[in-house]
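Fold and contact review
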Amino acid sequence: MPKLTYAVLIAGLCASSAHAAETNVNRPKVYSDIVACRALADAAARLQCYDAASKSLEEATESRQVVLLDQGEVRKTKRSLFGFSLPKIPFFGESDEEQDEEYKQIEGEIKDIQVLSNGRYQFAVNDAGTWQTTEGSWLILKNGQKFKIKRGAVGSYMLVVNGRAMRVKRVN
């Protein structure tokens, strides 16, 4: 849950600047300062510039004003957010086209199944939260079963197990 809280807070902070930066991504000043050092012709001045800029970047990351993520962490975060409706913002420095190519489905094994009323189930997915079926089914879910959850029409999601599908929603 803390990861989701951070994601929502970051999304809220970025939302105001996202509207203004539709085509180009706003970079933090500490990043721009490092890039600007390359333009200096004098080697000593360039080194002094890099030293000062890298110190500022280090301080910004230590104080959590700037957070650095590698592509693996971005994928893991996107998987953990699958099933939530988030606004389109340059959250990971992506263009609109790259955001459209976000996760269309996730796969894994079902775990922590709970039987609910009217033939419905609640289950957990590694790194992708807790889900519930929204309709009763004769399909019996078991721990360890392989599954896919695919995006459906109009913001819905479909759980596919053994070639059979049923609607699900993310609850946590």
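These remarks concern the structure in this document.

Its 20 residues give helix α3 (residues 43–62) an end-to-end C-alpha distance of 28 Å, which sits within 8% of 28 Å, the value for a rise of 1.5 Å per residue. Residue R64 follows α3 closely and has a positive phi angle near 65°.

Turning next to the side chain of Q122. Looking at the secondary structure, you find Q122 in strand β3 (residues 121–124). In terms of polar contacts, Q122 uses its side chain to reach the side chain of Q132, at 2.6 Å. Sequence-distant contacts of Q122, defined by excluding residues within four places in its chain, comprise D112, I113, Q114, L116, T130, W131, Q132 and V171.

Bringing unusual backbone geometry into the picture now. Within the chain, R64 stands out as a residue other than glycine whose phi angle is a positive 65°. Locating R64 in the fold gives a position in the loop between α3 and α4 (71–81). Judged by its relative accessible area of 59%, R64 falls in the exposed class. For D112, which is not glycine, the phi dihedral falls at a positive 50°. Position of D112 relative to the elements: it lies in strand β2 (residues 111–115).

The rules we used
Residues numbered from 1 in each chain as written. Predicted model: local features only at pLDDT ≥ 70, side-chain atom pairs only at ≥ 80, totals over all residues. Heavy atoms only, no water. Helix = DSSP H or I, 4+ residues; strand = E, 2+ residues; numbered from the N terminus. Expected span 1.5 Å × (residues − 1). Polar contact = N/O pair within 3.5 Å; in protein donor to acceptor, adjacent residues only side chain to side chain. Contact = heavy atoms within 4.5 Å. Buried < 20%, exposed > 50% of the residue type's maximum accessible area, 1.4 Å probe, protein only.

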